[in-house]
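Report on the structure
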Amino acid sequence: MSLQDRVPKQLRLGDSVISVTMEDDVAVFPTSEYVLVEISSKAGKINVPKISSTIRNLVRNDKRIVAIRGYGFKGIGLAVRIAHELKLMEQRFRYEMTFDTFDATDSDNKTITSVQIVIVPPA
């Protein structure tokens, strides 16, 4: 089974456009299958080590799938930085990640390029 096949169906983006209606810099949406972390395109300073550590515990200890969606320039940069911190934190545990880009629209109906990083525990 490929890594893409292990991504939950709700996280497979295809060519859909996501509508972003975030009021906070970071939002978390837990489901029974995965945890979705969204980072706003207008995010200010966020605690990257704390977010990375929380995601690390969810993936490593709880064997949960975590998706990080970063919207716009700032959101993409912060999402990738979180993924990078995860890789730096762990030496013996192998993270499996998929990276996808997609389009999103903000409250002004402006299209913004975005990224989704899905972190899957090793099989």
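See the structure shown above.
Let me begin by describing the structure that accompanies this report. Predicted model only: the values in this text are computed from it and were never measured.

**Looking at the pairing of strand 5 (residues 96–105)**
Note: strand 1 (residues 17–19) against strand 5, 3 bridges, orientation parallel. Its bridge partner lying in strand 5, I18 is registered against A104. With 10 bridges connecting them, strand 5 and strand 6 (residues 111–120) associate as antiparallel partners. Directly across from M97, in strand 6, lies its bridge partner I119. Connecting strand 5 to the next strand, strand 6, in antiparallel fashion are 5 residues, including N109 with a positive phi near 60°.

**Here's the deal with the side chain of T98**
The topology assignment puts T98 in strand 5. Given the relative accessible area of 5%, T98 is considered buried. Setting aside its immediate chain neighbours within four residues, T98 contacts L3, Q4, V7, Q116, I117 and V118.

**Thoughts on helix 3 (residues 72–89)**
When the terminal C-alpha atoms of helix 3 are compared, their 26 Å separation across 18 residues agrees well with the 26 Å that a helix rising 1.5 Å per residue should span. What helix 3 keeps buried is the set G72, G75, L78, A79, I82, A83 and L86. Along helix 3, the residues classed as buried sweep out an arc of 135° about the axis, all on the same side. Considering only its buried residues, helix 3 is in contact with strand 3 (34–39), helix 2 (48–60), strand 4 (65–71), strand 5 and strand 6.

**Things to note about unusual backbone geometry**
In this structure, K63 is a non-glycine residue whose phi angle is positive, near 55°. Relative to the helices and strands, K63 is located in the loop between helix 2 and strand 4. Judged by its relative accessible area of 52%, K63 is exposed. The backbone phi angle of N109 is positive, close to 60°, even though this residue is not glycine.

Thresholds, definitions, all that
- Here the residue numbering is sequential within each chain, running from 1 through the sequence in written order.
- Reporting in this predicted model follows two pLDDT cut-offs: at least 70 for local features of residues, and 80 or more for side-chain atom pairs to be given and counted; totals over whole chains, interfaces and linings ignore these cut-offs and use all residues.
- Heavy atoms throughout the structure, all of them, feed into the side-chain values; hydrogens and water do not.
- What makes two strands pair is DSSP finding at least two bridges between them.
- Per the convention used, a helix needs a DSSP run of H or I reaching at least four residues, while a strand needs a run of E reaching at least two, with both numbered from the N terminus.
- Accessibility here uses a 1.4 Å probe with only protein chains present; expressed as a share of the type maximum, an area under 20% marks a residue as buried, one over 50% as exposed, and anything in between as partly exposed.
- Whether two residues are in contact is decided by their heavy atoms, any of which lying within 4.5 Å being enough.
- To estimate how far a helix should reach, multiply one less than its number of residues by 1.5 Å.
- Starting at the helix axis, one direction is taken to each C-beta atom, and the arc is that of these directions.

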